[in-house]
2 protein chains.
Amino acid sequence: MMQKTTAGWLRIAGLGPGAEALVTPEVSAVLADATDVVGYVPYVERVPPRPGLTRHGSDNREEIRRAEQALQMAANGRRVVVVSSGDPGVFAMAAAVFEALEAGEPAWRSLDIQVLPGISAMLAASARLGAPLGHDFCCINLSDNLKPWALIEKRLRLAAEADFAMALYNPRSKARREGFGRALQVLREACGRERLIVFARAVSTPEEAVRVTTLGEAGAEMADMRTLVMVGSSQTRRLERDGQPWVYTPRSVSGSAL
Amino acid sequence: MMQKTTAGWLRIAGLGPGAEALVTPEVSAVLADATDVVGYVPYVERVPPRPGLTRHGSDNREEIRRAEQALQMAANGRRVVVVSSGDPGVFAMAAAVFEALEAGEPAWRSLDIQVLPGISAMLAASARLGAPLGHDFCCINLSDNLKPWALIEKRLRLAAEADFAMALYNPRSKARREGFGRALQVLREACGRERLIVFARAVSTPEEAVRVTTLGEAGAEMADMRTLVMVGSSQTRRLERDGQPWVYTPRSVSGSAL
């Protein structure tokens with residue numbers, strides 16, 4: 001006998017940066033109740049197999065097809081979780097699902113859909129360093145797969161002019177080897193060689209590695225596809241201690257800094 | 001007999017936006033092990049009382065004194081958690097603690113200190129709406145308690161020029177009634193009256209209220225101190241469904257949008 005199909009739902013969930021202790025109880029609960037988990041292979045593999053759960057891993061570049069597959073399964077009565085690393089709303093699967101929803105079957109609009117937030121890479125990296133994003137900041141995806149490189153440079157220059165701290169996602173991948181070096185050059189011109197920069201790789205995982213340096217000392221090879229880069233504002237400070245220094249941006253800016 | 005004082009530690013923890021299901025297991029674990037919880041009164045009250053735990057609630061404007069108190073207690077061997085709503089690194093207590101650490105007792109530098117991330121108000125609000133922060137964005141504190149108003153206006157204009165989506169914290173309080181109306185005027189001039197704006201109040205709590213409108217229709221009275229405001233980029237879309245519409249920013253920008 002067929003189950004009633006109206007019980008299907010779709011959740012777009014953030015698994016956080018890697019550590020199990022950073023997955024919210026809300027996300028753990030939907031994963032325990034799901035029939036299907038959909039996402040990029042390494043993220044799907046973070047959900048342990050169990051009877052009754054089908055894991056659908058797909059390649060990095062297949063976001064829209066993956067989103068359509070998830071919407072169709074939910075329409076067929078499945079309980080589907082699309083998983084992202086970090087937060088699903090920050091350069092991850094939530095936008096892709098809504099793009100697919102808008103372009104897709106009209107019936108999908110009445111599906112039971114929720115987005116469940118997660119600890120984003122920038123919040124995890126910021127916590128590990130201290131408080132580099134403790135004042136106004138911006139968040140820029142350095143990949144030019146889906147936007148022109150000129151727009152990335154324009155945003156970096158305007159962010160520097162606004163004196164934002166910056167969280168920079170996807171600095172570099174095997175397919176994009178050149179862009180990050182150019183981004184560093186733009187930042188050196190706009191912010192000077194003494195400005196603080198942080199490379200935070202795979203925070204909260206066994207592969208975690210953090211490096212604090214300056215734009216003058218930074219090189220493109222310090223980042224890979226698992227690195228979140230943070231550039232300080234003019235106010236960001238380095239505070240020495242044993243081992244890794246703290247990095248924080250004070251809450252106050254005086255009038256003379258304008 | 002006195003306990004050895006070297007066992008003290010300080011954790012600066014994010015409680016998330018309000019719902020218990022959005023508190024990370026990492027934060028729950030340190031709260032269960034703490035001797036002292038320190039913070040703004042309504043946040044401290046989110047930690048249930050239990051034997052062996054002292055809750056130190058203080059007023060909103062006392063961040064530095066509160067940070068010094070927490071550091072001193074940890075130096076005295078207490079297990080201290082400084083709590084913030086949302087994430088401690090986003091316009092919350094982490095920066096205040098590092099300011100106090102830098103200015104304070106040299107011995108504090110060798111304390112066992114960690115920052116534990118939380119689901120920030122912007123991630124919770126973004127999830128509730130869909131994916132308004134799905135492309136490049138910035139995050140600005142609209143309070144001019146600790147920076148000149150002119151800097152806020154400058155950042156809003158540059159953020160509009162960069163075509164960032166914007167998450168705007170602390171739009172309005174009883175003591176700051178005028179600024180948000182001026183911010184809306186700046187945004188209308190820079191982004192036009194049709195630009196999407198979202199008011200997300202107390203997301204994940206029983207008082208949650210979300211409103212999607214345009215800059216032309218927005219009024220300062222739509223925000224209070226519990227409201228996170230989000231302004232779309234030029235690409236941000238509204239997707240109708242039964243009830244509250246979805247709001248999302250697509251991942252792609254074409255070359256012609258430059």
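Owing to the predicted nature of the structure, the values given are computational and were not obtained by experimental measurement.

Another point: the sheet that holds strand β2 (residues 36-40) of chain B. Residue and element names in this part refer to chain B. An order of β3-β2-β4-β1-β5 is seen for the five strands of this open sheet, with the pairing classed as parallel. The open sheet has two edge strands, β3 (54-58) and β5 (113-116), and neither has a second partner. With direction set aside, neighbouring strand axes in the sheet form an average angle of 20°. The sheet strands contacting helix α3 (residues 63-75) are β1 (9-14), β2, β3, β4 (79-84) and β5, and the helix crosses β2 at an angle near 170°. Packing against the sheet, helix α4 (residues 93-103) makes contact with β1, β4 and β5, and its axis sits at approximately 150° to β1.

Moving on: the pairing of strand β2 (residues 36-40) of chain A. All names here are of chain A. Among the five residues of β2, five are classified as buried, and the element is accordingly described as predominantly covered. Judged from the five bridges that link them, β2 and strand β3 (residues 54-58) form a sheet pairing that is parallel. Among the inter-strand pairings, Val-38 is bridged to a residue of β3, identified as His-56. Where β2 lies against strand β4 (residues 79-84), three bridges are found, and the strand directions are parallel. In the sheet register, Val-38 faces β4, and the bridge partner there is Val-82.

The tally for this structure, following the rule as stated, stands at 30 salt bridges over all chains. The partner of Glu99(B) in a salt bridge is Arg251(A), with the nearest N and O atoms 3.0 Å apart. You can see Glu99(B) sitting in helix α4 and its partner Arg251(A) sitting in the segment after β13 (246-248), one on each of two chains. Accessibility classification places Glu99(B) together with Arg251(A) in one group, the buried group.

Further remarks concern the interface of chain B and chain A. Contact residues are listed per partner, giving 69 residues for chain B and 69 residues for chain A. Buried surface at the junction of chain B and chain A, summed over both partners, amounts to about 6,200 Å²; 64% is from carbon and sulfur atoms. Our count for the chain B to chain A interface comes out at 10 salt bridges. When residues of the side of chain B that touches chain A are assigned to their parent elements, the largest contribution, seven residues, is made by α4(B). Grouping the amino acids of the side of chain B that touches chain A by side-chain chemistry returns 40 nonpolar, 12 polar and 17 charged. Judged from the three bridges that link them, strand β7 (residues 137-141) of chain A and strand β7 (residues 137-141) of chain B form a sheet pairing that is antiparallel. Directly across from Cys139(A), in β7(B), lies its bridge partner Phe137(B).

The subject of this paragraph is the sheet that holds β4(A). All names here are of chain A. Taken together, the five strands give an open sheet; going across it, the order is β3-β2-β4-β1-β5, and neighbouring strands pair in parallel fashion. Whereas interior strands pair on both sides, the edge strands pair on one side only; in this sheet they are β3 and β5 (113-116). Strand-to-strand twist of the sheet, defined as the mean angle between neighbouring strand axes without regard to direction, takes the value 20°.

With the rule as written, the count across this model stands at 10 aromatic pairs over all chains. Ring geometry for Phe91(B) against Tyr169(B): centres 5.1 Å apart, planes inclined by 65°, an arrangement best described as edge-to-face. In this pair, Phe91(B) is assigned in the loop between β4 and α4 and Tyr169(B) in strand β8 (residues 165-169), connecting sequence segments 78 residues apart. The class for Phe91(B) is buried, based on a relative accessible area of 18%. Its end group placed over the ring of Trp246(A), Arg241(A) keeps NZ or CZ at 3.5 Å from the ring centre.

Attention now moves to the domain arrangement of chain A. Residues and elements named next belong to chain A. Each domain of chain A was delimited in the assignment, giving domain 1 (5-119) and domain 2 (122-257). Here domain 1 and domain 2 have C-alpha centroids that lie 29 Å from each other. Opposite the 10 residues of domain 1 that make contact, domain 2 presents 12 residues. Among the residues domain 1 hides against domain 2, the three largest losses belong to Pro-17, Arg-61 and Phe-91. Together they make up 56% of the total. The interface formed by domain 1 and domain 2 holds zero salt bridges in total. Its residues placed into classes, the side of domain 1 that touches domain 2 shows seven nonpolar, two polar and one charged.

This part is about the UniProt feature "domain: Tetrapyrrole methylase" (unreviewed entry) in chain A. Mapped onto this numbering, the UniProt entry gives "domain: Tetrapyrrole methylase" (unreviewed entry) at residues 12-218 of chain A. Here residues 12-218 of chain A runs as 35% helix and 23% strand, with 36 Å between its end C-alpha atoms.

All names here are of chain A. Across the interface, helix α6 (residues 149-161) lies against helix α7 (residues 179-191) with an axial gap of 9 Å and an inter-helix angle of 30°. Considered as vectors, α6 and α7 are oriented roughly parallel to each other. Where α6 crosses over α7, the handedness of that crossing is right-handed. Of the residues in α7, those touching α6 at Trp-149, Glu-153, Leu-156, Arg-157 and Ala-160 are Gly-179, Arg-182, Ala-183, Val-186, Leu-187, Glu-189, Ala-190 and Cys-191. Tallied by class, the residues present in the contact of α6 with α7 amount to eight nonpolar, one polar and four charged.

For the structure shown, the criterion picks out zero disulfides over all chains. With no disulfide of its own, Cys139(A) has Cys138(A) as its nearest cysteine by sulfur position, at a separation of 7.5 Å. Cysteine Cys191(B) remains unbridged, with the sulfur of Cys138(B) as its closest cysteine sulfur at 9.9 Å.

Thresholds, definitions, all that
- Residues numbered from 1 in each chain as written.
- Chains lettered and ligands numbered in written order.
- Predicted model: local features only at pLDDT ≥ 70, side-chain atom pairs only at ≥ 80, totals over all residues.
- Heavy atoms only, no water.
- Pairing = 2+ DSSP bridges.
- Helix = DSSP H or I, 4+ residues; strand = E, 2+ residues; numbered from the N terminus.
- Axes fitted to C-alpha atoms, helices over the stretch in contact; angles between N-to-C directions.
- Contact = heavy atoms within 4.5 Å.
- Buried < 20%, exposed > 50% of the residue type's maximum accessible area, 1.4 Å probe, protein only.
- Salt bridge = Lys/Arg side-chain N within 4 Å of Asp/Glu carboxyl O.
- Buried area = accessible area lost by both parts, 1.4 Å probe.
- Nonpolar A, V, L, I, M, F, W, Y, C, P; charged D, E, K, R; others polar.
- Phe/Tyr/Trp six-rings, centres within 6.5 Å; stacked < 30°, edge-to-face > 60°.
- Lys NZ or Arg CZ within 6 Å of the ring centre and 35° of its normal.
- Domains from an automatic or database assignment.
- UniProt positions renumbered as here; feature names shortened; annotations may be inferred.
- Parallel < 35°, antiparallel > 145°, perpendicular 65-115°, else oblique.
- Left-handed = near helix turned anticlockwise from the far one by under 90°.
- Disulfide = S-S within 2.5 Å.

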